[in-house]
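A closer look at the structure
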Amino acid sequence: MSGNTPGRSSGKGHKATGNASGREGNHRPNSGKSGGAGNASASHSASKGASRSQKPKTSARALAVKVLSAVEQDGAYSNLELNRRLKEADLSPADAGLATELVYGTIARLNTLDYFLERYVAKGVSKLQPWVRSLLRISVYQMIYLDRIPEHAVVSEAVNLAKKLGHQGISGMVNGVLRNMIRQKDELRIPEHLPVAERISLEHSHPLWMVERWIAQYDEETAEAICRANNEPPAVSVRVNTTMTTRKNLMHEMTSTGAVVEASQLSSDGILVRSGGNMALTSWYRDGLFSVQDESSMLVAEAVAPEEDHFVLDCCAAPGGKTAHMAEKMHDRGRIVANDVHAHKRQLILDQAERLGLSCIDAVTGDALDLNERYPEASFDRILLDAPCSGLGVIRRKPDVKWTKSIDDIEDISNLQRELLDRVAPLLKPGGILVYSTCTIEPAENEVMVADFLSRHPEYSPAEASVWSESETVNLKIVNGGIQILPQYAHSDGFFIARLTKTAE
């Protein structure tokens, strides 16, 4: 799609071997129709209402247009750009929620919106100025996907904003396009006669190459289920700090305040928050009783299964969610070396540890490719390599990923993953456990990568998968001593987790 590709994903970069993605804490807010519990940006900005009158007024739609234009023109990260502008604007909670929904929803449905718009924009969507393209996209998104906003209000707001940002000619064009679409709304549908991959691509708004690849790797039904799940709002889930409380006690306390919660069916440490406000602004969070983390991600520390007094290496640790979970599993007894390539992200790990009251975490800075030069062979009882990856399992939280990744990216990142595995493998003690995990559903980065590693390292073999037996892992694909979680299985992030053991001498 010429001229309409969003900016770079905030996923892991190819050489950011210290886990640049921040997967555990960087969540797409569950806003819009459901008014979800995870909208940190909206709640944060609303809390500064006292200063709102001192700043220039802006609207939710104007803010969304500016964010989307910056993503497209400047390669801005949508989550960072949105958070920055929300803090500057100090919108009401409702307007901040609408702006959030418009930004993430428009990116998530991008090629579907452009498919419909193309029939009504005379010179073509790609020929429009970026801000005009963004304005039309958010307007059509509201008309098709949001049922609380009257169509006449959508048109009126779009025309007024076009006048403010452009001129009378542009506002007239916007008015004409949107009114024509409303008059012919029954025709805004995906043709049924399209080839399967193309239909899925347009109906669920994913790049065609990605859909074709998933059909080949899985099957048509599974590929469509993946795409459908990727457009669902992400659930809000928290991980109980078991060094301070129990899941049962915390759930009782949360329920007593009016929150609607339920126990995770994937992790014994997880709680799903169906309603209850922004969890990161609660006293429970401040006091270290829980961390915000996706359910799938919680299974990683369970796979590592560290014990008290173990010496553990977390190769790519930032922002430290899995590190902290391992420390909690160890009852804060032992030592965890939490490495990250970026010095400023070391502080994120330390901040997490301090908030959770954990003292066994030693955060260090360095390239994970050099860990074999910094530590002797057979040093660690457990090693976690939460590897840089394509991020195709977290699209519902980071819809930018759909439009910025390519087949070449998968090949490049696979080469890095292979090298990382080879470098850290000698650091494990005989009889120890190495866990390799990614937040992608790409076989080349997952089961194929592990099979390749095992073929070249006869000292390693798949470890028992019984560590997951307490989880309700029905439908989870077990391969090479690990599990592949697809986003539709438990409505959680797509993840791969392999558990490997080193032969005892």
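Our subject is the structure that appears above.
Because the structure is a prediction, the values reported are computed rather than measured.

Another point: the overall build of the protein. Across its full length, the protein holds 21 helices and 13 strands. Within the protein, buried positions represent 59% of all 505 residues. Here the protein displays about 19,600 Å² of accessible surface, and carbon together with sulfur accounts for 49% of that area.

Strand order in this open sheet of four strands is S2-S3-S1-S4, and the pairing throughout is antiparallel. Taken across any chain shown, the strands that pair with only one partner, and hence form the sheet edges, are strand S2 (260-263) and strand S4 (290-292). Adjacent strand axes in the sheet meet at a mean angle of 30° when their direction is disregarded. Sheet strands in contact with helix H16 (residues 343-356) are strand S1 (236-240) and S4, and its direction is about 145° off that of S4.

Before going further, it helps to spend a moment on unusual backbone geometry. The residue after Ala 318, namely Pro 319, is reached through a cis peptide bond having omega 5°. Checked against the element boundaries, Pro 319 lands in the loop between strand S5 (310-314) and helix H15 (321-329). Notably, His 491 is not glycine yet its phi reads approximately 55°, a positive angle. For His 491, the position within the fold is in the loop between helix H21 (487-490) and strand S13 (495-502). For His 491, a relative accessible area of 44% corresponds to the partly exposed category.

Our focus in this paragraph is the nonpolar core. With 54 residues, the main nonpolar core has Leu 63, Leu 117, Leu 135, Leu 136, Val 174, Leu 178 and Met 181 as its most contacted residues. Broken down by secondary-structure element, the contributors of at least two residues to this core are helix H2 (60-74), helix H3 (78-89), helix H4 (93-108), helix H5 (110-117), helix H6 (130-145), helix H7 (151-165) and helix H8 (168-183). Broken down by element, this core gets its largest block of residues, nine residues, from H6. Contact partners of Leu 117, with chain neighbours within four places excluded, come to Val 125, Leu 136, Arg 137, Val 140, Val 177 and Met 181. Ranked by size, the runner-up nonpolar core spans 33 residues in total, among them Val 304, Ala 318, Ala 327 and Ile 336.

Structurally, the position occupied by Tyr 77 is in the loop between H2 and H3. Tyr 77 gets classed as partly exposed once you look at its relative accessible area, which sits at 30%. In this structure, the C-alpha to C-alpha distance between Tyr 77 and Val 67, residues ten residues apart in sequence, is 9.1 Å.

For the pair H2 and H3, the least separation of the axes is 9 Å and the interaxial angle reads 145°. The two elements H2 and H3 cross, and the hand of that crossing is right-handed. When H2 is examined against H3, the residues Leu 63, Lys 66, Val 67, Ala 70 and Val 71 are found in contact with a partner set consisting of Ser 78, Glu 81, Leu 82, Arg 85, Leu 86 and Ala 89. In terms of residue class, the contact of H2 with H3 is built from seven nonpolar, one polar and three charged.

A few words on the packing of aromatic side chains. Enumeration according to the criterion identifies seven aromatic pairs in this entry. Ring geometry for Tyr 141 versus Tyr 145: centroids 5.3 Å apart, planes at 35°, classification tilted. Residue Tyr 141 and its partner Tyr 145 are located together in helix H6, separated by four residues, close to a single helical turn. Assessed through its relative accessible area of 6%, Tyr 141 is described here as buried. For Tyr 145, a relative accessible area of 18% puts it in the buried group. When the ring of Tyr 436 is compared with that of Phe 496, the centres are 6.5 Å apart and the planes differ by 65°; the resulting orientation is edge-to-face. Of this pair, Tyr 436 sits in strand S9 (residues 428-438) while Phe 496 sits in strand S13; the two residues are 60 residues apart in sequence, bridging distant segments of the chain. No difference in accessibility class separates Tyr 436 from Phe 496, as the two residues are buried. These aromatic residues form a ring-pair network of at least three members: Phe 311, Tyr 375 and Phe 380. Taking NZ or CZ as reference, Arg 355 lies 3.8 Å from the ring centre of Tyr 285, over its face.

Along helix H11 (residues 220-230), eight of the eleven residues are buried, which leaves the element largely enclosed by surrounding structure. Buried residues of H11: Thr 222, Ala 223, Glu 224, Ala 225, Ile 226, Cys 227, Ala 229 and Asn 230, and no others. Tucked into the core, H11 has its buried residues touching helix H9 (196-203), helix H10 (208-217) and H21. Between a side-chain oxygen at the N-terminus of H11 and the backbone nitrogen of Glu 221 the separation is 3.1 Å; the capping residue is Asp 219.

The subject of this paragraph is the pattern of salt bridges. The full count for this structure, using the stated rule, is 26 salt bridges. Two residues, Glu 262 and Arg 274, come together in a salt bridge whose shortest N-O distance is 3.2 Å. With a gap of twelve residues between them, Glu 262 in strand S2 and Arg 274 in strand S3 (residues 270-275) connect regions that are remote in the sequence. Glu 262 sits in the partly exposed class, given a relative accessible area of 35%. Residue Arg 274 is classed as partly exposed on the basis of its relative accessible area of 46%.

Relative to the helices and strands, Ser 492 is located in the loop between H21 and S13. Taking relative accessible area as the criterion, Ser 492 reaches 1% and is therefore assigned buried. A polar contact of 2.7 Å, which involves the side chain of Ser 492, links it to the side chain of Ser 296. Leave out the neighbours within four places in its chain, and Ser 492 touches Leu 266, Asp 294, Glu 295, Ser 296, Arg 396, Ile 485 and Pro 487.

Rules used throughout
Residues numbered from 1 in each chain as written. Predicted model: local features only at pLDDT ≥ 70, side-chain atom pairs only at ≥ 80, totals over all residues. Heavy atoms only, no water. Helix = DSSP H or I, 4+ residues; strand = E, 2+ residues; numbered from the N terminus. Buried < 20%, exposed > 50% of the residue type's maximum accessible area, 1.4 Å probe, protein only. Areas by Shrake-Rupley, 256 points an atom, 1.4 Å probe, with all protein chains shown as cover. Pairing = 2+ DSSP bridges. Axes fitted to C-alpha atoms, helices over the stretch in contact; angles between N-to-C directions. Contact = heavy atoms within 4.5 Å. Core = buried A, V, L, I, M, F, W, Y, C linked by side-chain atoms within 4.5 Å. Left-handed = near helix turned anticlockwise from the far one by under 90°. Nonpolar A, V, L, I, M, F, W, Y, C, P; charged D, E, K, R; others polar. Phe/Tyr/Trp six-rings, centres within 6.5 Å; stacked < 30°, edge-to-face > 60°. Lys NZ or Arg CZ within 6 Å of the ring centre and 35° of its normal. Polar contact = N/O pair within 3.5 Å; in protein donor to acceptor, adjacent residues only side chain to side chain. Salt bridge = Lys/Arg side-chain N within 4 Å of Asp/Glu carboxyl O.

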